[in-house]
Amino acid sequence: ARAEALLGDRVPSDGSAADALRGLIDALTASVAADGEDAPSAVCEQQAALARLRQRYDTRFDALAAVRHAIDELRAITAPAAMLGQAPAALCAASKLRRVVLSLTEEGRLVAEAAHFADDRPGAARVVEQLRAEPIALEHPLIETELLRRRRATIVDDAQVHPRVDPTLMKLMGWTSYAAAPLVVGPRVVGVLHADRGPGERVDVLDRDVLWEFTSLLGQAYESASLRRALRHEREQLREFLDWLGARSGELTDAPLRLATMQRPPRRSASPPVTSAGGPRDDRVVFEGLLTRRELDVLRLLADGNSNKAIAEALVISDGTVKFHVNSILRKLRVANRAEAVSRYLRLLGMRAP
């Protein structure tokens, strides 16, 4: 009200012209300075308050920017498990937090996955080992149980006497105060991050917000890495199928054209007679109608003791296509493994399996 009285009609109504506002601030400062003896001190107080506010803003902005940069570096890790393993160290490097423990939820318990202590690597390894041996049960009234429900970061002060702090965790960490935040991936809470500034140090609101920003972005990065991994797996499966389809198409293209009558041919015996020359039986006759030509080639090479790689080189196909043919052979022969397939192959040909 006083500013409006001093400036009169010059007060802008829309508040959109930043340059005009700066000019009005300068005019208001000059008016206040000429208004009385206490005006300069009031102006100085306001300027000091603005400077403190600006410093807090800059500090917060820089802290959150450092966290985002740390997450960007973690995104370069393609394996989701490796990303979680590096997360505690990345958070310590990007903030004033000195000790970070990352735990995953498994069957109603918190099981330590990774930890980083800025000045005590053996201590971090010891804590992880201990927490894996004695996981924290997520039961009422633990703070971690409430975190999973509320899905927000929190600060725990006076941890030594806090009734909702897990005694085992308190004994291992020796906390004065700490911050904790849930790790949310998609619709599920998969873990919790605990962090502090070291023994005897207290965390503040900015530490909590930094931890929450980090865990929120880490959950997104972890989900993206998991999706990329699933897509890679699907791509490999599709590539193997396409290899098999190409091989099958080649067989159909190269196969001779035969005309047959509509009458069903007589059913063949499972054990055709031996050739008049006394030689081995024709495997194409034995397996005709059961295996494709390519599958028969693979089975013959299997019976000779060749590996998948050797078969792939002999038939000029990929290892994935060999695996596909082997699985098809096992299914058609109704056997459980390669050895049984070879044994049945030799038995049907009238040979003794080695």
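Described in the following lines is the structure provided in the data block. (Residues numbered from 1 in each chain as written. Predicted model: local features only at pLDDT ≥ 70, side-chain atom pairs only at ≥ 80, totals over all residues. Heavy atoms only, no water.)

1. With respect to the sheet that holds strand S6 (residues 188–196)
Within a sheet, neighbouring strands are paired by backbone hydrogen bonds and run either parallel or antiparallel to one another. To keep it simple, the criterion reads: Two strands pair under a simple rule: DSSP has to find at least two bridges between them. Secondary structure is summarised from DSSP: a helix means a run of H or I of at least four residues, a strand means a run of E of at least two, and numbering begins at the N terminus for each. Here, residues are in contact when the closest pair of their heavy atoms is within 4.5 Å. Where helices are involved, their axes are fitted lines through C-alpha atoms of the stretch in contact, as for all axes, and angles between N-to-C directions lie from 0 to 180°.
Spatially, 6 strands are ordered S3-S2-S1-S6-S5-S4 in an open sheet, and the strand pairing comes out antiparallel. In this open sheet, the two strands that pair with only one neighbour each are strand S3 (136–137) and strand S4 (154–156). As paired strands, strand S2 (residues 109–117) and S3 are joined by 2 bridges and run antiparallel to one another. Paired with Arg109 across the bridge in S3 is Ala137. Where helix H4 (residues 80–94) meets the sheet, its contacts fall on strand S1 (99–106), S2, strand S5 (178–185) and S6, and the angle it forms with S1 comes to roughly 150°. Contacts between helix H6 (residues 143–150) and the sheet are confined to S1, S2, S4, S5 and S6, with S5 contributing the most and set at about 40° to the helix.

2. Some thoughts on the packing of helix H11 (residues 308–315) against helix H12 (residues 319–333)
Here is the rule we go by: For this classification, under 35 degrees means roughly parallel, over 145 means roughly antiparallel, 65 to 115 means roughly perpendicular, and everything else is oblique. Three classes are used, and their members are as follows: Ala, Val, Leu, Ile, Met, Phe, Trp, Tyr, Cys and Pro are nonpolar, Asp, Glu, Lys and Arg are charged, and the others, Gly among them, are polar.
Orientation of H11 relative to H12, taken along the N-to-C sense of each, is 105°, at an axis distance of 9 Å. Taken together, the axis directions place H11 and H12 in an arrangement best described as roughly perpendicular. Packed against H11, whose contacting residues are Asn308, Lys309, Ile311 and Ala312, the element H12 presents Asp319, Val322, Lys323 and Val326 at the interface. When the residues that make up the contact of H11 with H12 are grouped by side-chain class, the tally is 4 nonpolar, 1 polar and 3 charged.

3. Here we look at the pattern of salt bridges
Rules: Definition used for salt bridges: Asp or Glu carboxyl oxygen within 4 Å of a side-chain nitrogen of Lys or Arg. Categorising residues by exposure relies on relative accessible area from a 1.4 Å probe, with only protein chains included: less than 20% of the type maximum marks a residue as buried, more than 50% marks it as exposed, and the intermediate range marks it as partly exposed.
Under the definition given, this model contains 13 salt bridges. For Arg60, the salt bridge is made with Asp209, and the minimal N-O distance between the two is 2.7 Å. Of this pair, Arg60 sits in helix H3 (residues 39–74) while Asp209 is found in helix H8 (residues 205–254), placing the two residues 149 residues apart along the sequence. Accessibility expressed as a relative area gives 37% for Arg60, which makes it partly exposed. You can call Asp209 buried: its relative accessible area is 16%. Across the pair Arg202 and Asp158 runs a salt bridge whose closest N-O atoms are separated by 3.1 Å. You can see Arg202 sitting in the loop between S6 and H8 and its partner Asp158 sitting in the loop between S4 and helix H7 (167–173), a full 44 residues away along the chain. Taking the relative accessible area as the measure of exposure, Asp158 reaches 39% and is therefore partly exposed. It is possible to trace a salt-bridge network through shared partners that takes in Arg60, Arg208 and Asp209.

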